[in-house]
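# Per-entry structural report
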Amino acid sequence: MTWFKREENGAPATVSDPSPENGGDAAAKNVRTEGLWVKCPGCRQPIYKADLDANLRVCPKCQHHFKIGARERIDLLLEPGYEVVDTGLRSTDPLNFSDVRRYKDRLRVAREQTGLDDAILNALGRLGPHDVVLSAMEYAFIGGSMGAVVGETITRAIDRARESRKPLIVVAASGGARMMEGVVSLLQMAKIATALAQLDEARVPYICVLTDPTTGGVTASFAMLGDLNIAEPGALIGFAGPRVIEQTIRQKLPDGFQRSEFLLEKGFLDAVVHRKDLKAYLVRALEFMKA
Ligand SMILES: [Zn+2]
């Protein structure tokens, strides 16, 4: 019995199971079962995909929080009837960058796969009884990396929050600055932090929700600048990766380093909140902040 077979001639890998209980009809079997089951990275158990979706994409067995997209996140937090705003911004590829692929091609593929213009979506709507500005990042778009478009979109969300005096919620999911935009991506850190300072002066609340993963220049800027910084369980949160840190400080890092629970214990986060409790938590926090 062969489960996985890599073909040498460049044709896509195939799964074949010609055993009698499958009637030898592997192709038909694949069509019927493809995508119905996923393997949980937390407990390595197979989960029926419909069960996972019904459970907010949290493993029912071990509570591992799977990544969710920007649109799903907005649906999860805001009441129906919200308005998506600040769309239509696209990277100009200021460096005409190319590595193993052209950045322009990466952008095109990411747009096709996610249906978004870049790694972020802004929405205006109600979170329970509160009018809010919500900005949610999309990890599936080039690792949720922050280039000029993400920077501008978040800044617009911050300005909307300040002008309308509605609380700002940002859901971070990012590998950090987008290296294909070089220094332009790093400049976004200063740009967003400046807008957040103005929001702070205007005394409008800002809550950041850090999800798996939130790293690099995003952690080093807006993701840690909330009046309240909360995270989903088990999220990888950090600036540099553990290997770089170990090499620099020449020490072995402790277990659970750079995960939400560790950062809560060390005072980097205010709370770790399960996805099913997130909306109720935010409603309560906003009530407290309004008072
Ligand atoms: Zn699991």
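Our structure's up above, just so we're on the same page.
As a starting point, this report considers the structure included with it. Note that the structure is a prediction, hence the values are computed from the model and not measured.

The next thing to look at is the pairing of strand β7 (residues 130-137). Of all the eight residues making up β7, seven are buried; the element is thus mostly covered by neighbouring parts of the structure. In terms of strand pairing, strand β6 (residues 120-127) meets β7 through eight bridges, oriented antiparallel. Residue I120 lies in a different strand from β7, and its bridge partner there is M137. Remark: two residues form the turn of the hairpin made by β6 and β7, two consecutive strands paired antiparallel; G128 in that turn has positive phi of roughly 60 degrees. Sheet topology note: the β7/strand β8 (residues 168-174) ladder contains four bridges and is parallel.

Quick look at helix α6 (residues 182-201) now. For α6, which comprises 20 residues, the first-to-last C-alpha distance of 31 Å matches the rise-based estimate of 28 Å (1.5 Å per residue) to within 8%. If you check which residues of α6 are buried, you get S185, Q188, I192, A195, L196 and L199. Looking straight down α6, one finds its buried side chains confined to an arc of 100 degrees; they lie on one side. Every exposed residue of α6 that faces more than 90 degrees away from the buried side is listed here: V183, L187 and E201. In this fold, the buried residues of α6 make contact with α5 (148-164), β8 and β9 (206-214). Just downstream of α6, R203 is the residue with a positive phi angle, here 60 degrees.

On to the coordination of the zinc ion, then. Within the protein, the zinc ion binds to C40 (SG), C43 (SG), C59 (SG) and C62 (SG); these donor distances fall in the range 2.3 Å. Taken together, the four donor atoms coordinating the zinc ion and their angles of 105 to 112 degrees define a geometry best described as tetrahedral. Taken in chain order, the donor set of the zinc ion reads C-x2-C-x15-C-x2-C. A relative accessible area of 33% places C62 in the partly exposed class.

The subject of this paragraph is the pairing of strand β10 (residues 228-231). Alternating positions in β10 separate into two faces, L228 and I230 on one and N229 and A231 on the other, with burial throughout. Judged from the four bridges that link them, β9 and β10 form a sheet pairing that is parallel. Looking at β10, one finds that L210 is bridged to A231. Of the pairings in the sheet, the one linking β10 to strand β11 (residues 271-272) comprises two bridges and is parallel in character. Bridge assignment links A231 to a residue of β11, and that residue is V272.

Turning next to the pattern of salt bridges. Taken as a whole and assessed by the stated rule, the structure comprises 21 salt bridges. With a shortest N-O distance of 3.0 Å, D53 and R57 are connected by a salt bridge. For D53, a relative accessible area of 38% puts it in the partly exposed group. By relative accessible area, R57 is classed as buried at 18%. For the salt bridge of R259 with D212, the shortest nitrogen-to-oxygen distance reads 3.8 Å. A residue pair is termed long-range when its members are at least 10 positions apart, and R259 in the loop between α8 (242-249) and α9 (260-265) and D212 in strand β9 qualify at 47 residues. Judged by relative accessible area, which is 18%, D212 ranks as buried. One salt-bridge network, held together by shared partners, links R102, D105, R108 and E112.

M137, I158, L168, L196, L199, Y206 and F222 are the most contacted members of the largest nonpolar core, which totals 38 residues. Those elements giving two or more residues to this core turn out to be α4 (103-114), β6, β7, α5, β8, α6, β9 and α9. No other element matches the five residues that α5 contributes to this core. In contact with Y206, other than residues within four places in its own chain, are L168, V170, L196, L199, F222, A223, L225, G226, D227 and L228. A136, I169, L278 and V283 belong to the second largest nonpolar core, which has 26 residues in total.

The subject of this paragraph is the side chain of R57. Secondary-structure assignment places R57 in the loop between α2 (49-54) and α3 (70-77). At a separation of 3.0 Å, a polar atom in the side chain of R57 contacts the side chain of D53. When near neighbours in sequence (up to four residues on either side) are disregarded, R57 contacts L52, H64, H65, F66, K67, I68, E72 and R275.

Cut-off values and rules
Residues numbered from 1 in each chain as written. Predicted model: local features only at pLDDT ≥ 70, side-chain atom pairs only at ≥ 80, totals over all residues. Heavy atoms only, no water. Buried < 20%, exposed > 50% of the residue type's maximum accessible area, 1.4 Å probe, protein only. Helix = DSSP H or I, 4+ residues; strand = E, 2+ residues; numbered from the N terminus. Pairing = 2+ DSSP bridges. Expected span 1.5 Å × (residues − 1). Arc of directions from axis to C-beta. Contact = heavy atoms within 4.5 Å. Donors = N, O, S within 2.8 Å, 3.2 Å for Na, K, Ca; no water. Tetrahedral: all angles 85-135°; square planar, octahedral: opposite > 155°, others 65-115°. Salt bridge = Lys/Arg side-chain N within 4 Å of Asp/Glu carboxyl O. Core = buried A, V, L, I, M, F, W, Y, C linked by side-chain atoms within 4.5 Å. Polar contact = N/O pair within 3.5 Å; in protein donor to acceptor, adjacent residues only side chain to side chain.

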